[in-house]
Amino acid sequence: MIIQTNTDNHIDGNGSLKDHVSTVVTHKLGHWTDRITRVEVYLNDENGEKNGQRDHRCSMEVRPEGARPMAVTHFAPDLHQAIAGAAEKLANLVAAHFDKALPR
């Protein structure tokens, strides 16, 4: 599973941020890593230097093998909360997808 992190010009996409994203995504999707080819993560600061309850956005797109890409978005006051929220939503979406795909 490849994890690619993209940031806007208000966020420093340094190595530690990418490592954090990779750790969170791998932890949440670890059960399905052999069935996922790629996860694209997009981090945005919606208000620049201003703060707010929905200031940071994290969108994640997952590409399961043999299926169409699926995406989620989560807004939060800080990046870490946005990443955690999006990863949780993505894990729920992937679980529902693979549970539906399994023969019963």
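Owing to the predicted nature of the structure, the values given are computational and were not obtained by experimental measurement.

Novice: Whenever I open this one, the nonpolar core confuses me. Can you help?
Specialist: Soluble globular proteins tend to bury their nonpolar side chains together. In terms of nonpolar packing, the biggest core is built from 26 residues, with Leu29, Leu43, Met60 and Val94 touching the most fellow members. If you list the elements that add at least two residues to this core, you get helix 1 (15-29), strand 2 (36-45), strand 3 (56-64), strand 4 (70-76) and helix 2 (79-101). With nine residues, helix 2 is the largest single contributor of residues to this core. Ignoring any residue separated from it by four or fewer positions in sequence, one finds leucine 29 in contact with Met1, Ile36, Val39, Leu90, Ala91 and Val94.

Novice: Any chance you could explain the sheet that holds strand 1 (residues 2-7) here in plain terms?
Specialist: Read across the open sheet, the four strands follow the order 1-2-3-4; overall the sheet is mixed. Among the strands making up the open sheet, the edge pair consists of strand 1 and strand 4. Pairwise comparison of adjacent strand axes, ignoring direction, gives a mean angle of 15 degrees for this sheet. Summarising the sheet, strand 2 and strand 3 pair through nine bridges and their orientation is antiparallel. Paired with valine 41 across the strands is methionine 60, a residue of strand 3.

Novice: When you look at the environment of isoleucine 11 in this model, what are you seeing that I'm missing?
Specialist: Tracing the sequence through the fold places isoleucine 11 in the loop between strand 1 and helix 1. What makes isoleucine 11 buried here is its relative accessible area of 10%. In the structure, isoleucine 11 is positioned 33 residues away from asparagine 44 in sequence and 7.0 Å away in space, judged by C-alpha atoms. Excluding residues within four positions of it along the chain, isoleucine 11 makes contact with Leu17, Leu43, Asn44, Asp45 and Leu79.

What counts, and where the lines are drawn
- Residues numbered from 1 in each chain as written.
- Predicted model: local features only at pLDDT ≥ 70, side-chain atom pairs only at ≥ 80, totals over all residues.
- Heavy atoms only, no water.
- Core = buried A, V, L, I, M, F, W, Y, C linked by side-chain atoms within 4.5 Å.
- Buried < 20%, exposed > 50% of the residue type's maximum accessible area, 1.4 Å probe, protein only.
- Helix = DSSP H or I, 4+ residues; strand = E, 2+ residues; numbered from the N terminus.
- Contact = heavy atoms within 4.5 Å.
- Pairing = 2+ DSSP bridges.
- Axes fitted to C-alpha atoms, helices over the stretch in contact; angles between N-to-C directions.

Everything listed here is a matter of geometry and, on its own, says nothing about what the molecule does.
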